[in-house]
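# Working through the structure, step by step
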Amino acid sequence: MTYAKRLHAFMLGLAITASIPAMAAPELIGRPVEYQLNLQAPATQIASEIYDLHTWMMVVCVVIFVAVFGVMFYSMFKHRRSLGHKAATFHESTAVEMAWTIVPFLIVIGMALPATKTVVAMKDTSNADLTIKATGMQWKWGYDYLKGEGEGIGFLSNLSTPRAQVGSPGVLPTEVRGENYLLEVDNEVVVPVNKKVRLVLTANDVIHAWSIPAFGVKQDAIPGFVRDTWFKAEKIGTYRGQCSELCGKEHAFMPIVVKVVSAADYSAWVAGKKKEMAALAEDPSKVWTIDELKIKGEKVYAANCVACHQAGGKGVPGAFAALDGSAVVNGPKAEQINILLNGQNSGKYPSQMPAWKQLSDADVAAVITFTRNNWSNKAAENIVQPAEVLAARK
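Here the structure is a predicted model, which is why all the values come from computation and not from measurement.

The next thing to look at is the packing of helix α11 (residues 361-372) against helix α12 (residues 386-393). How two helices pack is summed up by the angle between their axes together with the distance between the axes. Closest axis-to-axis distance for the α11/α12 pair is 8 Å, and the angle between their directions is 115 degrees. Compared by their axis directions, α11 and α12 come out roughly perpendicular. For α11 against α12, the interelement crossing comes out right-handed. Contacts between α11 and α12 involve D361, A362, V364 and A365 from the first element and P386, V389, L390 and R393 from the second. Of the residues contributing to the contact of α11 with α12, the split by class is 6 nonpolar, no polar and 2 charged.

If you want it as structure tokens, here you go:
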């Protein structure tokens, strides 16, 4: 009986801990924290419902566990043979059989109803104030604002944690890791507070998953399919997540960051972003020097190509093609322009080359020029102008 009481006290303590938000959830900062014992503090209504369901279903499970094992251990200790008890010889009890059929059924129904309500609400993407397309690719996210304020804005979001903080196999990092190590990007998704945001997801290459725990959102992005989800952030702040489908060697390096701001700040961001995009939309008729293209192309390559093709252009044997010494890079430039704009599935590698139409004409021209004049490459057609890329798009 002493052991049964101790077990009962332990399980009761677990139930109480799970049911007290102050003990189970950290202060709202929109990211995982050290020694976190429970789900992240919710920032949306759906996340709050998920948190409550998780907590109370845990309590129900603990109560059932305590009740079932309490009766079992009590019976074993109270009616053991050493006290002179003998095993009962009865077989059926209609009342007991009805009880252990009806009671679990009622418990399951009681748990299923609120869970079903939340799942149905999670799938309702109608009447969104803002629609954003998120495209997963190895290994970054592309975002396009499709409807609502900010329509027409598009950008790529890359990991911004310096590689010096990461290190490499057999090489220790040379910089101290920051607070948001592997959870920071160069371009955050910005959305207004208290507005319903519909997220349309797909992928360029393999399956990725867009996940922000504080929003209660996790949705796969699948090549060739379009799926959607939504969130409505109720608190201003910065929220962080990561791709949560194993998508290749850089899977750990494609974080997701959403910045929730006031309506006024969002309008200001939209205006600034559109002005920035207009400034970056260079005149396609401008003729660049080869040095200008090489300098610009090196930056484009570092941001978008180095993960697969490597800094030295050697690629990854059996996984990603080498650009150093490549017949495509050293051959006619029209073919390389076409591959960069439309992608390619040669069948030689597990992952196909994705399309990079989201890059500007100048970016595409610059990165092609960079590859044709770098490493051991000495292409006869060694320079590509933005006008040629524009013509290839048509």
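Let us keep going from here.
The next thing to look at is the environment of K294. By secondary structure assignment, the location of K294 is in helix α7 (residues 290-304). On the accessibility criterion, K294 (30% relative accessible area) is partly exposed. Separated by 78 residues in the primary sequence, K294 and R372 have C-alpha atoms spaced 9.3 Å apart. When near neighbours in sequence (up to four residues on either side) are disregarded, K294 contacts T369, F370 and N373.

With that settled, the discussion passes to a nonpolar patch on the surface. A surface patch of nonpolar side chains, amounting to about 610 Å² of accessible area, comprises M98, I102, F105, L106, I109 and L113. By relative accessible area, F105 is classed as exposed at 52%.

Pairing is mixed in the open sheet, where 5 strands are placed in the order β3-β2-β1-β5-β8. Lying at the two open borders of the sheet, with one neighbouring strand each, are β3 (154-157) and β8 (227-231). Taking each pair of neighbouring strands and ignoring which way they run, the sheet shows an average axis angle of 25 degrees. In terms of strand pairing, strand β1 (residues 130-137) meets strand β2 (residues 140-147) through 7 bridges, oriented antiparallel. Each residue of the ladder has a partner; that of T135, found in β2, is G142.

With that settled, the discussion passes to the pattern of salt bridges. Summed over all chains, the structure comprises 8 salt bridges. Among the salt bridges present, the one from K296 reaches D363, with a minimum N-O distance of 3.2 Å. Of this pair, K296 sits in helix α7 while D363 sits in helix α11; the two residues are 67 residues apart in sequence, bridging distant segments of the chain. Exposure remark for D363: the relative accessible area of 16% places this residue in the buried category. Here K314 ties to D324 by a salt bridge, and the two come within 2.7 Å at their closest N and O atoms. Of the two residues, K314 sits in the loop between α8 (306-309) and α9 (327-330) while D324 sits in the loop between α8 and α9, which places them 10 residues apart along the sequence. Judged by its relative accessible area of 55%, K314 is exposed.

We now examine the packing of aromatic side chains. All told, the structure shown has 14 aromatic pairs when counted by the stated rule. On the basis of an interplanar angle of 10 degrees and a centroid distance of 6.1 Å, the ring pair of W210 and F231 is categorised as stacked. Taken together, the residues span a long stretch of sequence, with W210 in strand β6 (residues 208-212) and F231 in strand β8 at a distance of 21 residues. Residue classification places F231 among the buried positions, given a relative accessible area of 3%.

Confidence in the prediction of the chain, expressed as mean pLDDT, is 88, and 92% of residues score 70 or more. When the criterion is pLDDT under 50, residues 1-27 qualifies, and its contacts beyond four places in sequence or with other chains add up to 33 contacts.

Time to look at the environment of A43. Along the chain, the position of A43 falls in the loop between α2 (21-24) and α3 (45-78). When its relative accessible area of 1% is taken as the criterion, A43 is described as buried. Here the alpha-carbon distance between A43 and G237, two residues 194 residues apart in the chain, equals 9.2 Å. In this view, A43 contacts A214, F215, K232, A233, E234, K235 and Y239; residues no more than four positions away in its chain are not counted.

Rules behind the numbers
Residues numbered from 1 in each chain as written. Predicted model: local features only at pLDDT ≥ 70, side-chain atom pairs only at ≥ 80, totals over all residues. Heavy atoms only, no water. Axes fitted to C-alpha atoms, helices over the stretch in contact; angles between N-to-C directions. Helix = DSSP H or I, 4+ residues; strand = E, 2+ residues; numbered from the N terminus. Parallel < 35°, antiparallel > 145°, perpendicular 65-115°, else oblique. Left-handed = near helix turned anticlockwise from the far one by under 90°. Contact = heavy atoms within 4.5 Å. Nonpolar A, V, L, I, M, F, W, Y, C, P; charged D, E, K, R; others polar. Buried < 20%, exposed > 50% of the residue type's maximum accessible area, 1.4 Å probe, protein only. Patch = residues over 30% accessible without salt bridge, like charges linked within 9 Å, V, L, I, M, F, W, Y side chains within 5 Å. Areas by Shrake-Rupley, 256 points an atom, 1.4 Å probe, with all protein chains shown as cover. Salt bridge = Lys/Arg side-chain N within 4 Å of Asp/Glu carboxyl O. Pairing = 2+ DSSP bridges. Phe/Tyr/Trp six-rings, centres within 6.5 Å; stacked < 30°, edge-to-face > 60°. pLDDT = per-residue confidence, 0-100.

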